[in-house]
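Fold and geometry: a report
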Amino acid sequence: MGSSDVVSRNSDKWDWERGKKTVLSSVAAKPGYLWQEESLVSPDGETFSAVVRLEDESFTLRVNNEEWPESYEKAWLPRFCPDGRLTALVMADDEWTLAVDGAPWEERFAFIWGTMFGPEGQIYAAIQQDMRYGICADGTAWDTLYINATDFSLRADGRKTAAVVQVSPLKQADISGFFSGVYSVAVDGEAWDASFMNVWTPVFDGRGGERVAAQVRLNSYEYTIAINGEPWPTAYNCVWAPSFDPATGALAAPVRAGGRWGMAVDAALAWKPRYHQCWQQQWSPDGKHLWAVVAPEYGKFTVARNDSPWRETFPCITDLTLSPDGGRAAALASHLNDGFCVVVDGAAWQGSWDMAWRPVFSPDGGHVAALVRGSGGSMTYLVDNKPVGESFSRAWAPAFSPDGRSLLMRGIQNGSLVRVVMPLADIV
């Protein structure tokens, strides 16, 4: 599940008192650290963390001005749960596990990576044990592990997991075995009955159903979408990742036919193949709007809603983001060597930036905020194309209050971690 979705559900518990607050007077490495790695700040801006190496050459997590009570041979990938708990992948006695607020899981694995979070506090990770791969849920691994596993995914409610898995072994240079199809999708460790030459990006029906869809390769030249192992009746030159309509359960996937890209819904062409590219589609919550990044001309990208592209095009479009009701869209555009800009409803905001991050809509969809970095390295926030007047040496994604009246900014100013809650009326 997307972390931003889960965070938005928990933001009503944050401190929304307006003003600037210094959370930590100094984020510099403390005495006794051999080094301190990249900074991390909790979504509510109240907690600073970083992996640190101690004088005995062990690793632990710094949390504001304290450290976890235990240290480890290695530590990496620190991430905050939506409920504020801090996790990291750690090694002890040459075995890996996950630690939550300093307390490691009892289970140990040969390797662990790819932490995922459910909305009810569930924690998942990809694991390898005895050269077999799968997923563990709160420390408990799938009953069946596989020769290979990739493309790990989590259902929206956090109660089911899936991954692409290799269900049959392949000897070196076993081309005929590969052509016969050795890849499938496992859901909570149980593989589909069907297998394919290749499989990618399993996704769950967002309504909490039992359906899982994925891209599949049927042979050397044909691709399609499979649902619970059953392929669509139509094959295509190529396909991209599918997505379920959250209202009706219809399944959309970009497909390539006759040298151009279009959109198929439930195996029928909904958007005629007329684009040089079509991908990263998203549904509105009510299913009335289907958005995607498209290229009407070669090398010219934009965003389309219901097969109607924005008028302005760009060399690159990324980070397509929809308003909560799915009626508006924002994205980042790049002019290649001329930096990034924010595009909202087809209109580019003024100015370009060395870097920009995914736009964020207010709860009512009426405002858009984005974090950007200028040529000098200073970072700031924009709201509706206006700078907020605060700058940071390092900053993290903005967040709107649940009532949409305030904006939370969190970042490092003059070596200190600060959180700023600014009334939207003071900005726009």
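Let us now look at the overall build of the protein. The number of helices and strands found in the protein is two helices and 43 strands. Here the C-alpha atoms of the protein give a radius of gyration of 23 Å, agreeing with the 22 Å that 2.2 N^0.38 yields for 428 residues. Based on the C-alpha atoms only, the size of the protein along its principal axes is roughly 60 × 55 × 40 Å. Burial statistics for the protein: of 428 residues in total, 50% are counted as buried. Partitioning the contacts of the protein with sequence separation of at least 6, the portion at a separation of at least 24 is 38%. Accessible area of the protein: about 19300 Å², with a carbon and sulfur share of 48%. Taking the 36 positively charged and 52 negatively charged side chains of the protein as two groups, their mean positions are separated by 7 Å.

Moving on, we come to the confidence of the model for the protein. Residues shown with low pLDDT carry predicted positions that ought not to be read at fine detail. Averaged over the protein, the pLDDT score is 95; the fraction of residues at 70 or greater is 98%. Across residues 1-6 the pLDDT falls below 50, and counting only partners more than four positions away or on other chains, this stretch makes eight contacts in the model.

Turning our attention to the layout of surface pockets. Within this model, the second largest pocket holds a volume of roughly 150 Å³. Looking at the second largest pocket, the residues that line it are Glu37, Glu38, Ser39, Leu40, Val51, Pro78, Arg394 and Trp396.

The strand order β7-β8-β9-β10 describes an open sheet built from four strands, whose pairing is antiparallel. One side of each edge strand has no neighbouring strand; the edge strands of this open sheet are β7 (74-80) and β10 (103-104). As judged from the five bridges shared by β7 and strand β8 (residues 86-92), these two strands associate in the antiparallel manner. Each residue of the ladder has a partner; that of Ala75, found in β8, is Val90.

Right, let's talk about the environment of Gly206 for a bit. Structurally, Gly206 is set in the loop between β19 (198-204) and β20 (212-217). Residue class for Gly206 comes out partly exposed when judged on its relative accessible area of 45%. On a C-alpha basis, the gap between Gly206 and Gly139 in space is 25 Å, while along the polypeptide they are 67 residues apart. Leave out the neighbours within four places in its chain, and Gly206 touches Ala156 and Phe244.

Right, let's talk about the environment of Pro242 for a bit. Examined against the element boundaries, Pro242 turns out to sit in the loop between β23 (238-239) and β24 (243-244). It is 20 Å that separates the C-alpha atoms of Pro242 and Pro309, two residues lying 67 residues apart in sequence. Setting aside residues no more than four positions away along its own chain, Pro242 makes contact with Thr201, Val203, Ala213, Ala214, Gln215, Ile225, Leu251, Ala252, Ala253 and Gln281.

As a further point, take unusual backbone geometry. We note that Asp93 has phi near 55°; this positive angle belongs to a residue other than glycine. Look at Asp93 and you get exposed, because its relative accessible area is 64%. Even without being glycine, Asp307 reaches a positive phi, approximately 70°. Mapped onto the secondary structure, Asp307 falls in the loop between β30 (300-305) and β31 (308-309).

Okay, the state of the cysteines next. Per the stated rule, a full pass over the model turns up zero disulfides. Its sulfur unpaired, Cys238 is 12 Å from the next cysteine sulfur, which belongs to Cys278. Left unpaired, Cys316 is separated from the closest cysteine sulfur, that of Cys341, by 10 Å.

Where strand β15 (residues 149-154) and strand β16 (residues 161-166) come together, four bridges link them in antiparallel fashion. Within the sheet, the bridge partner assigned to Thr150 lies in β16 and is Val164. Hairpin connection from β15 to β16: six residues lie between these consecutive antiparallel strands, with Gly158 at a positive phi of about 75°.

Rules of the game
Residues numbered from 1 in each chain as written. Predicted model: local features only at pLDDT ≥ 70, side-chain atom pairs only at ≥ 80, totals over all residues. Heavy atoms only, no water. Helix = DSSP H or I, 4+ residues; strand = E, 2+ residues; numbered from the N terminus. Rg over C-alpha atoms; globule rule 2.2 N^0.38 Å. Buried < 20%, exposed > 50% of the residue type's maximum accessible area, 1.4 Å probe, protein only. Contact = heavy atoms within 4.5 Å. Areas by Shrake-Rupley, 256 points an atom, 1.4 Å probe, with all protein chains shown as cover. Lys, Arg positive; Asp, Glu negative; His and termini not counted. Charge placed at Lys NZ, Arg CZ, Asp CG, Glu CD. pLDDT = per-residue confidence, 0-100. 1 Å grid on protein atoms, 1.4 Å probe; cavity = no way out; pocket = protein on both sides within 12 Å on 5 of 7 lines; lining within 4 Å. Points joined across faces, edges and corners; volume = space filled by probe spheres on them. Pairing = 2+ DSSP bridges. Disulfide = S-S within 2.5 Å.

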